[in-house]
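Understanding the architecture of this molecule
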Amino acid sequence: MIGAVDIGGTKIAVGMVDDGGVVRSRMEAPTDPHRYAAGIDTIADMLRKTAVQAGSQISGIGIGSTGPVDPMKGEFGDVDFLPGWRGKNPVKDLAALFKVQVALENDGDAAALAEAGWGAGRNRTRLIYVTVGTGIGGGIIIDGKLYRGVDGAHPEVGHHVVDPAGPACSCGFRGCWESLAAGPAMVAWIERHAPADYAHRQGITAKKICQLAQKGDALALQAVEHEASYLGLGLANLINLFAPDAIVLSGSVMKSASLFMDRIHEVIRGGCRFVPAEKTVLTLASLGEDTNLIGAARVWHYRFADGL
Ligand SMILES: [Zn+2]
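Basis of the calculations
Residues numbered from 1 in each chain as written. Predicted model: local features only at pLDDT ≥ 70, side-chain atom pairs only at ≥ 80, totals over all residues. Heavy atoms only, no water. Donors = N, O, S within 2.8 Å, 3.2 Å for Na, K, Ca; no water. Buried < 20%, exposed > 50% of the residue type's maximum accessible area, 1.4 Å probe, protein only. Phe/Tyr/Trp six-rings, centres within 6.5 Å; stacked < 30°, edge-to-face > 60°. Helix = DSSP H or I, 4+ residues; strand = E, 2+ residues; numbered from the N terminus. Pairing = 2+ DSSP bridges. Axes fitted to C-alpha atoms, helices over the stretch in contact; angles between N-to-C directions. Patch = residues over 30% accessible without salt bridge, like charges linked within 9 Å, V, L, I, M, F, W, Y side chains within 5 Å. Areas by Shrake-Rupley, 256 points an atom, 1.4 Å probe, with all protein chains shown as cover. Salt bridge = Lys/Arg side-chain N within 4 Å of Asp/Glu carboxyl O. Parallel < 35°, antiparallel > 145°, perpendicular 65-115°, else oblique. Contact = heavy atoms within 4.5 Å. Nonpolar A, V, L, I, M, F, W, Y, C, P; charged D, E, K, R; others polar.

Of the protein atoms, only His-159 (ND1), Cys-169 (SG), Cys-171 (SG) and Cys-176 (SG) coordinate the zinc ion, at distances of 2.0 to 2.3 Å. The motif formed by the donor residues of the zinc ion, counted along the single chain, is H-x9-C-x1-C-x4-C. For Cys-169, a relative accessible area of 12% gives the class buried.

What follows covers the packing of aromatic side chains. In this structure the tally under the stated criterion is four aromatic pairs. Residues Trp-300 and Phe-304 carry aromatic rings whose centres are separated by 5.8 Å and whose planes lie at 55° to one another, so their mutual orientation is tilted. Here Phe-304 and Trp-300 lie together in helix α9 (residues 291-305), a separation of four residues that amounts to about one turn. When its relative accessible area of 13% is taken as the criterion, Trp-300 is described as buried. Taking relative accessible area as the criterion, Phe-304 reaches 32% and is therefore assigned partly exposed.

Another point: the sheet that holds strand β2 (residues 11-17). Strand order in the open sheet made by the five strands is β3-β2-β1-β4-β7, with mixed pairing throughout. Of all strands in the sheet, those bounded by a partner on one side alone are β3 (23-30) and β7 (102-106). This sheet shows a mean twist of 15° between the axes of neighbouring strands, independent of strand direction. Of the pairings in the sheet, the one linking strand β4 (residues 60-65) to β7 comprises five bridges and is parallel in character.

Right, let's get into unusual backbone geometry. Residue Pro-68 is reached from Gly-67 by a cis peptide bond, and omega for that bond is 0°. With respect to the helices, strands and loops of the structure, Pro-68 is situated in the loop between β4 and β5 (69-70). In the Ramachandran plot, Lys-99 falls in the positive-phi region, its phi being about 55° despite a non-glycine side chain. One can find Lys-99 in the loop between α2 (90-98) and β7. Looking at Lys-99, the relative accessible area reads 69%, which means it is exposed.

For the rest of this paragraph, the subject is a nonpolar patch on the surface. A contiguous nonpolar surface patch, about 380 Å² in accessible area, is contributed by Ile-142, Tyr-147, Leu-241 and Phe-242. Its location among the elements puts Tyr-147 in the loop between β10 (145-146) and α4 (177-181). Given the relative accessible area of 37%, Tyr-147 is considered partly exposed.

Axis angle and axis distance: for two packed helices, these are the angle between their axes and the distance between the axes, and together they describe the pair. It is at 8 Å that the axes of helix α5 (residues 183-193) and helix α6 (residues 206-214) come closest, and there the two elements cross at 65°. By the angle class used here, α5 and α6 are roughly perpendicular. Contact with α5, carried on its side by Gly-183, Met-186, Val-187 and Ile-190, involves Ala-206, Ile-209 and Cys-210 of α6 and no other residues of that element. Per-class residue counts for the contact of α5 with α6 are six nonpolar, one polar and no charged.

The subject of this paragraph is the pattern of salt bridges. Two side chains with opposite charge may pair up if their charged atoms get near one another. Overall, the coordinates contain 13 salt bridges when judged by the stated rule. One salt bridge connects Lys-11 with Glu-28, and the closest N-O pair in it is separated by 3.9 Å. Taken together, the residues Lys-11 in strand β2 and Glu-28 in strand β3 connect sequence positions 17 residues apart. Taking relative accessible area as the criterion, Glu-28 reaches 42% and is therefore assigned partly exposed. A salt bridge links Arg-303 to Glu-105, with the nearest nitrogen and oxygen atoms 3.1 Å apart. Of the two residues, Arg-303 sits in helix α9 while Glu-105 sits in strand β7, which places them 198 residues apart along the sequence.

So this is what it looks like as structure tokens:
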């Protein structure tokens, strides 16, 4: 049984994941962005408790974390969300506490490994995992191996530019895919286009827009159409660049994927003429809410058990 640790900006989930990728027990706690030592104590405590709940010993620990992280050194990089964790090494610290092998990856890469190993991407060796929620992130697997950039860097699929006249992004560019196609972009579109008397303007969210579109609300349907066009454009770029076997789609916005898929396919058909785009399967992630936690466990398998 692998102890899985999913570290996010607001919460840490910990659980026991068996060799088939099934979560046997889980707990979570809020992340304290300023106090790393307390965070490690909380993680260790949750690992011990979830191991007892699952009635098993911990044979290894895998960590998926909000980035940037250095997967080979096991260190946190310049993590925006967790200033007190910068430069700290949870791999060394948890290995010392539990006397097992520990591995760390960026959470997008961890989720990509999970879907490739135990989920919708099984048996697809060229796979791109894309999660669309409050941002857009993901991971790239080429010939069965996690693609790493220079110095082990994690590529940022959400920050390729689709419209240089688009909104400013935290990365420094304007019009990144993330700034135009993540959930907040849909909200911004409605806020810009809704007439003053639009009944649903107050407290509108991406989820609410999708619900309204499903009920036939004309403005919400336009927001969805706009969203789907930008989703399609970014996915088309990935298909042109990588011609992958599959793109696995995940994240809160993709819970309403049926609203977007027709337009997405239409955009891809409209522009990917020089690659066999029709052979790239667009599929939904299959591991559900616990993808990141399962991904953390898969990180251990990938590093120590798969022989890669
Ligand atoms: Zn950006």
